Amino acid sequence: MIRHVVMDMDGVLYRGDQPVPGAIETMRALYQQGVQVAFLTNNASRHREEFVKKVIGLGLPCTIDQVWGAA
C-alpha cells in the first residue's frame with residue numbers, strides 16, 4: 001500500500017496554468033485512498049505560499065507544509 005507520494009509540480013502536475021492531463025484525477029484518487037502528498041519543485045522564483053495557491057487553484061487541497069522547493 002502506498003502511504004506517501006512526492007509529486008513534482010512543473011511539467012508533472014501542471015504546465016503553466018494548465019493541469020497535465022490526468023494529473024488532477026490521479027491526485028484526487030490518491031487523496032481518496034488516504035495517501036499523504038508532498039509537492040516538490042525546483043523552481044526557486046516563488047515562495048512556497050504562491051505554490052500552495054497554485055495547487056489550490058487547480059482544485060486540490062494543499063497546505064504550506066506539503067510544499068517543498070529549491071529555495
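Structure: above.
Residues numbered from 1 in each chain as written. Predicted model: local features only at pLDDT ≥ 70, side-chain atom pairs only at ≥ 80, totals over all residues. Heavy atoms only, no water.

A. Structural view of the nonpolar core. Membership of the largest hydrophobic core comes to 20 residues, with the highest contact counts inside it found for Leu-13, Met-27, Phe-39 and Val-55. Every element with two or more residues in this core is listed here: strand E1 (4–8), helix H1 (23–32), strand E4 (36–41) and helix H2 (48–57). Broken down by element, the residue count for this core peaks at four residues, all from H1. Among all residues touching Phe-39, those that are not within four sequence positions of it are Met-7, Met-9, Leu-13, Met-27, Tyr-31, Val-55, Pro-61, Cys-62, Gln-66, Val-67 and Trp-68. (Core = buried A, V, L, I, M, F, W, Y, C linked by side-chain atoms within 4.5 Å. Buried < 20%, exposed > 50% of the residue type's maximum accessible area, 1.4 Å probe, protein only. Helix = DSSP H or I, 4+ residues; strand = E, 2+ residues; numbered from the N terminus. Contact = heavy atoms within 4.5 Å.)

B. Region of interest: the pattern of salt bridges. For the structure shown, the criterion picks out one salt bridge. Here Lys-54 and Asp-17 are joined by a salt bridge, their closest N and O atoms 3.4 Å apart. One end of the pair, Lys-54, is in helix H2; the other, Asp-17, is in the loop between strand E2 (14–15) and strand E3 (18–19), with 37 residues separating them in the sequence. (Salt bridge = Lys/Arg side-chain N within 4 Å of Asp/Glu carboxyl O.)

C. Here's a closer look at H1. Ala-23, Ile-24, Met-27 and Leu-30 are the residues of H1 that are buried. Across the axial projection of H1, the buried residues extend over an arc of 125 degrees, all falling on one side. The exposed residues of H1 that point more than 90 degrees off its buried face are Glu-25 and Gln-32. Tucked inside the fold, the buried residues of H1 contact E1, E3 and E4. (Arc of directions from axis to C-beta.)

Just distances and angles here, no functional claims.
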